[in-house]
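Overview (structure and organization)
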Amino acid sequence: MTAQPQQGTSGPTSSPGTGGRRVLGRTGLEVSEVSLGAALLGQDRELGGTPSEQAVAAAVAMLTGPFVAVDSSNSYGQGRSELALGAGIAALGGFPDGKLLMTKADRDLATGRFDGDRVLRSFEESTRRLGVDVLPVYQLHDPYTVSFAEAMAPGGAVEALVRLRDEGAVGHLGIAAGTLSLVSAYVDTGVFDVVLTHNRFTLLNRSAADLVEDWAARGLGVINGAPFGGGLLARGAKPGASYAYEPADEPVLRFVARLEDLCREWEVPLPAAALQLSTRNPAIATTLVGTANPDRVAQTQALAAHPVPEGFWSAVDALGTPPVDFGTD
Ligand SMILES: NC(=O)c1ccc[n+]([C@@H]2O[C@H](COP(=O)([O-])OP(=O)(O)OC[C@H]3O[C@@H](n4cnc5c(N)ncnc54)[C@H](OP(=O)(O)O)[C@@H]3O)[C@@H](O)[C@H]2O)c1
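The structure presented is a predicted model; accordingly, all values stated were derived computationally and were not measured. By convention here, each chain's residues receive numbers from 1 onward along its written sequence. This being a predicted model, a pLDDT of at least 70 is required before a residue's local features are given, and a value of 80 or more before pairs of side-chain atoms are given or counted; all residues contribute to the totals for chains, interfaces and linings. Computation of side-chain values: all heavy atoms of the structure, hydrogens and water removed.

Our next topic: the overall build of the chain. Scanning the chain from terminus to terminus reveals 12 helices and 12 strands. Each radius of gyration is computed over the set of C-alpha atoms, and the globule rule expresses the reference value as 2.2 Å times the number of residues to the power 0.38. Taken over C-alpha atoms, the radius of gyration comes to 19 Å for the chain, in line with the 20 Å a tight globule of 329 residues would show. Seen through its principal axes, the chain has C-alpha atoms that stretch 55 × 45 × 40 Å. Note on classification: 1.4 Å probe, protein chains only; a residue is buried when its accessible area is under 20% of the maximum for its type, exposed when over 50%, partly exposed between these limits. In the chain, buried positions account for 56% of the 329 residues. In this description, contact between two residues means that some pair of their heavy atoms is separated by no more than 4.5 Å. In the chain, the share of contacts with a sequence separation of at least 24, taken over all contacts with a separation of at least 6, comes to 75%. Method for areas: the Shrake-Rupley scheme with a 1.4 Å probe, in which residue coverage is limited to the protein chains shown. For the chain, the computed accessible surface area is about 13200 Å², with 51% contributed by carbon and sulfur atoms. Segments assigned H or I by DSSP are reported as helices when at least four residues long, segments assigned E as strands when at least two residues long, and all are numbered from the N terminus.

The immediate surroundings of the ligand are formed by 31 residues, with Asp71, Arg235, Tyr245, Thr291 and Arg296 found nearest. What qualifies as a polar contact is a pair of N or O atoms within 3.5 Å, subject to a donor-acceptor requirement within protein and to the restriction that residues adjacent in sequence count only when both atoms come from side chains. Note that an oxygen atom of the ligand is positioned 3.5 Å from one of the backbone N or O atoms of Gly231. For the ligand, an oxygen atom lies 3.5 Å from a polar atom in the backbone of Ala292. Elements with a minimum of two residues in the shell around the ligand: strand E8 (194–198), helix H8 (232–235), strand E12 (286–290) and helix H11 (296–305). The rule for a residue being near a molecule or strand is that one of its heavy atoms must lie within 4 Å of it.

What follows deals with the packing of helix H9 (residues 250–266) against helix H12 (residues 310–318). Where H9 meets H12, the axes come as close as 11 Å, and the angle between the chain directions of the two elements is 160 degrees. The angle between H9 and H12 falls in the class roughly antiparallel. As H9 runs across H12, the sense of the crossing is right-handed. Residue-level inspection shows Leu262, Cys263 and Trp266 of H9 in contact with H12, the latter providing Gly311, Phe312, Ala315 and Val316. Taken together, the residues that form the contact of H9 with H12 break down as 6 nonpolar, 1 polar and no charged. Every axis in this analysis is a line fitted to C-alpha atoms, fitted for helices over the stretch in contact. Angles between the N-to-C directions lie between 0 and 180 degrees. By the definition adopted for this analysis, an angle is roughly parallel if under 35 degrees, roughly antiparallel if over 145, roughly perpendicular if from 65 to 115, and oblique otherwise. In a left-handed crossing the near helix is turned counterclockwise from the far helix by less than a right angle, and in a right-handed crossing that turn is clockwise. Residues are grouped as follows: nonpolar covers Ala, Val, Leu, Ile, Met, Phe, Trp, Tyr, Cys and Pro; charged covers Asp, Glu, Lys and Arg; every other residue, Gly included, is treated as polar.

Listed below in structure tokens is the structure:
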């Protein structure tokens, strides 16, 4: 097994498009303004197969590129994301200095069980696939199959997470989910140092805007996932497009078309605008861009560094309230 992934000091301090370093709230860990999400990694192979060359190349690119953190989960690709990252770490001869690996505890995908025993098994599965002993950031992922009360009860998921942290197997705990009211309830326990929200602070949806400010003010490390809404805000309004993994309706596609017009006028690529809406928010420690394509690492760096005139943001505001609002759901 590779020694625990610790942050070294040998990484670059800053390079164009990484915007220097930010601190992930009270964890004190350094991150770059952009991190890479591995939700799609490894899914070019059937379950049970070994990771493809492309997946390992993507993992290596993610782990050695300009960005500090890579985010995965036990459930992504039913384990294939972590397996590909593990293969990337092995190909590198060990976990690279200066990088940060974050993954998540998941329910049993077959039964929905998400109690303390399941969390401990999920941790074992993840560390085995990744080939590491210790996880500096470990997140409770989408706890939708248990109630908040069940998760907090003795024998529940949160007790097991705290045990892993107290034993030193985990550095800091995070909560990662969509439903904002649920995320807030977990944040209010004071157990979590990191909070990951997704698809709720984008060009199409600002429902997390106030909470993001509040969480950062309370010292949490705020991670904003899916700045492209899963792809629509990178690829543009096309028939059949989806937002937040659901088909995008006409008003959403019309709003994206207006954003695309604005982007043409100001010579700002749509994905640069989508990414920088998030990275320019000082309450957000890091913004998670998902990919399984090694070429995206350099492309994402260029998008993060693309000049965006201040007037562009006023023009975005002038388009009015974005059309998607999940409220606290
Ligand atoms: N509940 C949770 O905890 C949760 C939920 C959602 C997301 N997340 C985290 O956030 C990460 C990002 O979310 P996401 O992947 O769903 O959404 P996203 O980052 O908004 O969008 C990713 C999609 O955009 C495409 N893309 C990326 N860069 C592009 C570019 N320059 N040009 C065109 N297309 C581009 C990717 O395709 P390619 O593969 O072709 O690059 C992928 O299909 C996830 O990987 C995960 O780590 C966590």
